[in-house]
Amino acid sequence: MNGITISVSNGEVRISSVADQKELNMTTEENELALLFVSAFVESGINPDALEITRKSDDYITVVYHGAEWESDVARLKYTSRAKWVAIEVPESKREALINDTRFDAQKNKRQAMWKSKICGVEDARNLALLAAEGLLEMKERFPNQM
């Protein structure tokens, strides 16, 4: 599980560590964002063993969900002194309702599944993490044998 230690005790999710920051070259804030997103996914019922934090690009950290048939990027995270944003796969059922939501002004092409949102701080991403978890659950429902 790529450096994430997750435990559940009495219904409470605890993430005691995330992938080695040096290995992934993560900033402290990217580490906090990764914890926030993984926690939201696990608290919504996603199996923590299916989640991975990786660097697929030099530009951002990716939270990946490994399904039975394929893997899916469920969040992309960037937090440096020059750029602060997250991109999530917005639930298909909510895309029309969110098309004019100011949180997603950074996303020009709203026909894409991943929508980018600029943030000022880690705490700004909390609702986005919950929305991403909702999107993943929706995807699992649509493709039960593949996810």
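Each chain has its residues counted from 1, running along the sequence as written. Since the coordinates come from a predicted model, pLDDT governs what is reported: local features require at least 70, and pairs of side-chain atoms require 80 or more to be given and counted, while whole-chain, interface and lining totals use all residues. No hydrogens and no water enter the side-chain calculation; it runs on all heavy atoms of the structure.

## A look at the overall build of the protein
To keep it simple, the criterion reads: Starting at the N terminus, helices and strands are each numbered in turn, a helix being any DSSP run of H or I of at least four residues and a strand any DSSP run of E of at least two. Classification of residues uses two cut-offs on accessible area relative to the type maximum, computed with a 1.4 Å probe and protein chains only: under 20% is buried, over 50% is exposed, and between them is partly exposed. Contact between two residues is taken to exist if any of their heavy atoms lie within 4.5 Å; hydrogens are not considered. Methods summary: accessible areas were calculated by the Shrake-Rupley approach with a probe of 1.4 Å, and residue burial reflects only the protein chains presented.
Each helix and strand counted, the protein has four helices and seven strands in total. Element order for the protein, N to C, with α for helix and β for strand: β-β-α-α-β-β-β-β-α-β-α. Here the protein holds 147 residues, and 46% of them are scored as buried. The long-range fraction of contacts in the protein, counting pairs at least 24 apart against all pairs at least 6 apart in sequence, stands at 53%. Accessible area of the protein: about 8200 Å², with a carbon and sulfur share of 42%.

## Examining the environment of Ile61
For Ile61, the position within the fold is in strand β4 (residues 61–66). Using a relative accessible area of 0% as the deciding quantity, one classes Ile61 as buried. The spatial distance from the C-alpha of Ile61 to the C-alpha of Asn31 is 9.1 Å, given a sequence separation of 30 residues.

## Comments concerning the pairing of strand β3 (residues 51–54)
Stated formally: The pairing criterion for strands is at least two bridges between them, as found by DSSP.
Pairing geometry for β3 and β4, over four bridges, is antiparallel. Each residue of the ladder has a partner; that of Ile53, found in β4, is Val63. Counting the residues that bridge the hairpin from β3 to β4 gives six residues.

## Overview of the packing of aromatic side chains
Which entries qualify depends on this criterion: Classification of ring pairs rests on two measures: the distance between centres of Phe, Tyr or Trp rings, Trp counted by its six-membered ring, which must be within 6.5 Å, and the angle between planes, read as stacked under 30 degrees, edge-to-face over 60 and tilted in between. In this scheme, the term charge over a ring applies when either NZ of a lysine or CZ of an arginine sits within 6 Å of the ring centre and within 35 degrees of the ring normal.
Tallied over the entire structure, the rule returns four aromatic pairs. Where Phe37 meets Phe41, the ring centres are 6.4 Å apart and the plane angle is 55°; that geometry is what we call tilted. On the criterion of helical spacing, the pair formed by Phe37 and Phe41 is a turn pair, its members being four residues apart in helix α2 (residues 28–43). Per residue, the accessibility class of Phe37 equals that of Phe41, and both read buried. Relative to Phe143, the ring of Trp70 has its centre 5.7 Å away and its plane inclined at 70°; by these criteria the two rings are edge-to-face. Remark: Phe143 occurs in the segment after α4 (126–142) and Trp70 occurs in the loop between β4 and β5 (71–79); sequence separation between them is 73 residues. Given a relative accessible area of 28%, Phe143 falls into the partly exposed group. A cation over an aromatic ring shows up here: Lys84 above the ring of Tyr79, its NZ or CZ 5.3 Å from the ring centre.

## Regarding the packing of α2 against α4
The following threshold applies: Lines fitted to C-alpha atoms define the axes, with helix axes restricted to the stretch in contact, and inter-axis angles between N-to-C directions lie between 0 and 180 degrees. Here roughly perpendicular refers to angles of 65 to 115 degrees, roughly parallel to angles under 35, roughly antiparallel to angles over 145, and oblique to all remaining angles. Take the far helix as your reference; a near helix turned counterclockwise from it by less than a right angle gives a left-handed crossing, and one turned clockwise gives a right-handed crossing. Put simply, Ala, Val, Leu, Ile, Met, Phe, Trp, Tyr, Cys and Pro go in the nonpolar bin, Asp, Glu, Lys and Arg in the charged bin, and everything else, Gly too, in the polar bin.
Orientation of α2 relative to α4, taken along the N-to-C sense of each, is 45°, at an axis distance of 9 Å. Relative to α4, the element α2 lies oblique. Between α2 and α4 lies a crossing of right-handed hand. Each of Leu36, Phe37, Ala40 and Phe41 in α2 lies in contact with α4, whose residues at this interface are Arg126, Leu128, Ala129, Leu130, Ala132, Ala133 and Leu136. A class-by-class count of the residues in the contact of α2 with α4 yields ten nonpolar, no polar and one charged.

## Quick look at the nonpolar core
As a reminder, the rule being used: By nonpolar core is meant a set of buried Ala, Val, Leu, Ile, Met, Phe, Trp, Tyr and Cys residues that side-chain atoms within 4.5 Å join together.
Within the largest apolar cluster, 37 residues are counted, with the highest numbers of intra-cluster contacts made by Phe37, Phe41 and Leu77. Contributions of two or more residues to this core are made by α2, β3, β4, β5, β6 (84–89) and α4. It is α2 that provides the largest number of residues to this core, a total of eight residues. Leave out the neighbours within four places in its chain, and Leu77 touches Glu30, Leu33, Ala34, Phe37, Tyr60, Ile61, Val63, Trp85 and Val86.

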